[in-house]
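Single-letter residue listing:
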Protein chains: 2
Amino acid sequence: MTVDTATRILDVAEELVQTRGLNAMSYGHVSARVGITNASLHYHFPAKADLTTALVTRYSERFFAALDEIERTKPDVADRLRAYTQLYAAVLASGRMCLCGMLASDFETLSPTVQDHVSAFFEHSYVWLERIIAEGVGAGRLPAPVSSRATAEALVAGLEGAMLVSRPSGDPGRFEGIADALLASIGVPARS
Amino acid sequence: MTVDTATRILDVAEELVQTRGLNAMSYGHVSARVGITNASLHYHFPAKADLTTALVTRYSERFFAALDEIERTKPDVADRLRAYTQLYAAVLASGRMCLCGMLASDFETLSPTVQDHVSAFFEHSYVWLERIIAEGVGAGRLPAPVSSRATAEALVAGLEGAMLVSRPSGDPGRFEGIADALLASIGVPARS
DNA sequence: GTCTATAACGAGATAGAC
DNA sequence: GTCTATCTCGTTATAGAC
């Protein structure tokens, strides 16, 4: 039941990127924490871009699996959207930022491949939210917005921004207040 | 009418931080673009933290001067809030991100002094917006929110996040759509 | 798969001449 | 104020033994 080395590398690297940012995460930091040498790390991920690609791929897969799970277990649009914001809240509560949010701020320094993966993460999020919102509107359980797509983009932007500004405030609870305000603005009350 | 060296250094460093991030901005990059040596750069800003402090201080002063100007020239709350979002839009239109947004994503790697300045930038923004919103509500020109402070925080978060997610989308116009949605959610129509 | 060793480079920073 | 020269360290990455 031991975890293989590649997974342990990804776990450590992910935590470093989510807290300190990609350009403050080095092979030295990762290898030291995993307990292997720099050279061994390069065996698993030859270049930093390879490691970064693996990080964003795994993060995206897990995130979208969580979206599937929300859709499967919660029939009501308000519950779904609250659960969506809770995905972000849980990341922040663990002392981390959204991996793709962090990579977005370093976007210009990313390899084209990683850039594409980051872009796809957000695009996939918009598509999922737009569909969830449109379904809620169609079922008469959500007020009709000007555009479901625009609402989806504003929600993602608001949550990513809320994570970003919560850390400098030193108040971990600040995120929740902003998230509630965002949800309320699209017709989702804070409590069911 | 020539610009002094310290200012040219700040101009170049600012552009690099706003596009590539603090940890991808080096003394080598800055000195090369300014046309001086690495050693000369250290004469003006002994340590990178000194340069970063000067950057965030200047950026904050200019930003808050712009807020004063908005308040002085625009009596209507809707015009004021639209102008506020336009400050962000203008930064993005110049191919840059908010300096303090970029520093917020590298928050854990900042010196305590710089962290304090970044925190103060956001806090000052909340205070200004909260007052502007509360005045607009008091004048009956804005629907009363649950909390002016919460609305202020959500607006800043939304705008910072909108900048962040606009770049991966490859669509510069995306920011405007999100900004309009944010303004509309607090009762400010897109056009006067 | 992991190691030692090392290459090759860039980073932040300093000394001292001009 | 700016330079040359240098230092020290961290960084990504590779070669080759085990």
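The structure contained in this document is the topic of the report that follows. (Residues numbered from 1 in each chain as written. Chains lettered and ligands numbered in written order. Predicted model: local features only at pLDDT ≥ 70, side-chain atom pairs only at ≥ 80, totals over all residues. Heavy atoms only, no water.)

1. Brief notes about the packing of helix α5 (residues 77-93) of chain B against helix α7 (residues 112-138) of chain B
Residue and element names in this part refer to chain B.
Move 1: α7 packs onto α5 with a crossing angle of 155 degrees between their chain directions and a minimal axis gap of 9 Å. The angle between the axes of α5 and α7 places the two elements in the roughly antiparallel class. For the element pair α5 and α7, the recorded crossing hand is left-handed. Listed contacts from α7 to Val-77, Arg-80, Leu-81 and Tyr-84 of α5 are Ser-125, Trp-128, Leu-129, Ile-132, Ile-133, Glu-135 and Gly-136.
Move 2: Its residues assigned to classes, the contact of α5 with α7 comprises seven nonpolar, two polar and two charged. (Axes fitted to C-alpha atoms, helices over the stretch in contact; angles between N-to-C directions. Helix = DSSP H or I, 4+ residues; strand = E, 2+ residues; numbered from the N terminus. Parallel < 35°, antiparallel > 145°, perpendicular 65-115°, else oblique. Left-handed = near helix turned anticlockwise from the far one by under 90°. Contact = heavy atoms within 4.5 Å. Nonpolar A, V, L, I, M, F, W, Y, C, P; charged D, E, K, R; others polar.)

2. With respect to the protein's contact with DNA strand D
Move 1: Around DNA strand D, 17 residues are found, and the nearest of them are Tyr-27 and Asn-38 of chain A together with Thr-37, Ser-40 and His-44 of chain B.
Move 2: Each atom of DNA strand D within 4 Å of the protein belongs either to a base or to sugar and phosphate, the latter forming 60%.
Move 3: The contact in question runs from a base nitrogen of DNA strand D to an N or O atom on the side chain of His-42 of chain A, over 3.2 Å.
Move 4: Contact distances for DNA strand D include 2.6 Å between a phosphate oxygen and a side-chain N or O atom of His-44 of chain B.
Move 5: Mapped onto the surface near DNA strand D, the elements with two or more residues apiece are α2 (27-34) and α3 (38-44) of chain A together with α3 (38-44) of chain B.
Move 6: When residues in the surface near DNA strand D are grouped by element, the largest group, four residues, is from α3 of chain B. (Near = heavy atom within 4 Å. Polar contact = N/O pair within 3.5 Å; in protein donor to acceptor, adjacent residues only side chain to side chain.)

3. With respect to the interface of chain B and chain A
Move 1: Tallying the contact residues gives 35 residues for chain B and 35 residues for chain A.
Move 2: Of the roughly 2,900 Å² buried where chain B meets chain A, counting both sides, 65% is carbon and sulfur surface.
Move 3: Three residues stand out in chain B for area buried against chain A, namely Ser-105, Leu-164 and Pro-168 of chain B, and they jointly supply 19% of the buried area on that side.
Move 4: The tally of links between chain B and chain A comes to three salt bridges.
Move 5: Taken together, the connections running from chain B to chain A amount to seven residue pairs in polar contact (both at pLDDT 80 or more).
Move 6: Listing elements by their share of the side of chain B that touches chain A, those giving two or more residues are α1 (5-20), α6 (99-105), α7, α8 (148-169) and α9 (174-185) of chain B.
Move 7: The dominant element in the side of chain B that touches chain A, judged by the number of residues it contributes, is α8 of chain B, at 13 residues.
Move 8: Each residue belonging to the side of chain B that touches chain A can be placed in one class, and the counts come to 17 nonpolar, nine polar and nine charged. (Buried area = accessible area lost by both parts, 1.4 Å probe. Salt bridge = Lys/Arg side-chain N within 4 Å of Asp/Glu carboxyl O.)

4. Describing the side chain of Glu-160 of chain A
Move 1: Along the chain, Glu-160 of chain A falls in helix α8 (residues 148-169).
Move 2: For the buried Glu-160 of chain A, which has no salt bridge, the nearest side chain bearing the opposite charge is Arg-167 of chain A, at an N-O separation of 10 Å.
Move 3: In contact with Glu-160 of chain A, not counting residues within four places along its chain, are Tyr-88, Cys-98, Gly-101, Phe-121 and Phe-122 of chain A together with Leu-164 and Val-165 of chain B. (Buried < 20%, exposed > 50% of the residue type's maximum accessible area, 1.4 Å probe, protein only. Lys, Arg positive; Asp, Glu negative; His and termini not counted.)

5. Observations regarding the nonpolar core
Generally speaking, a soluble globular protein has its nonpolar side chains buried in company with each other.
Move 1: Within the largest apolar cluster, 132 residues are counted, with the highest numbers of intra-cluster contacts made by Leu-51, Leu-81 and Tyr-84 of chain A together with Leu-51, Leu-81 and Tyr-84 of chain B.
Move 2: Apart from residues lying up to four places away in sequence, Leu-81 of chain A is in contact with Leu-129, Ile-132, Ile-133, Leu-142, Leu-155, Leu-183, Ile-186 and Val-188 of chain A. (Core = buried A, V, L, I, M, F, W, Y, C linked by side-chain atoms within 4.5 Å.)

6. With respect to the relation of the copies chain B and chain A
Each of the two chain copies can be generated from the other by rotation about an axis followed by a shift along it.
Move 1: The transform that puts chain B on chain A rotates by 180 degrees and translates by 0.0 Å along the axis, for an RMSD of 0.0 Å. Classification of the inter-copy transformation places it as that of a two-fold axis.
Move 2: By residue overlap, the copies meet face to face through one surface: 100% of the interface positions of chain B are interface positions in chain A. (Least-squares fit on C-alpha atoms with pLDDT ≥ 70 in both.)

7. What to know about α2 of chain A
Residues and elements named next belong to chain A.
Move 1: Of all the residues in α2, the buried ones are Tyr-27, Val-30, Ser-31 and Val-34. The buried residues of α2 occupy an angular sector of 95 degrees when projected down its axis, which confines them to one face. Opposite the packed face of α2, turned more than 90 degrees from it, sit the exposed residues Ala-32 and Arg-33.
Move 2: Buried residues along α2 sit against α1 (5-20), α3 and α4 (48-73).
Move 3: Trailing α2 by a residue or two, Gly-35 shows a phi angle of about 90 degrees, which is positive. (Arc of directions from axis to C-beta.)

8. Quick notes on α9 of chain B
Each α-helix winds once per 3.6 residues, and so residues spaced three or four apart point in a common direction.
All names here are of chain B.
Move 1: Under the 1.5 Å per step criterion, the end-to-end length of α9 is 17 Å for 12 residues, consistent within 8% with the ideal 16 Å.
Move 2: Those residues of α9 that sit buried are Arg-174, Phe-175, Ile-178, Ala-179, Leu-182 and Leu-183. Summarising the axial view, the buried residues of α9 lie within an arc of 165 degrees, below the 170-degree limit, and thus occupy one face.
Move 3: A positive phi of about 95 degrees marks Gly-187, the residue just after α9. (Expected span 1.5 Å × (residues − 1).)

Read these as layout, nothing more, since geometry by itself doesn't imply function.
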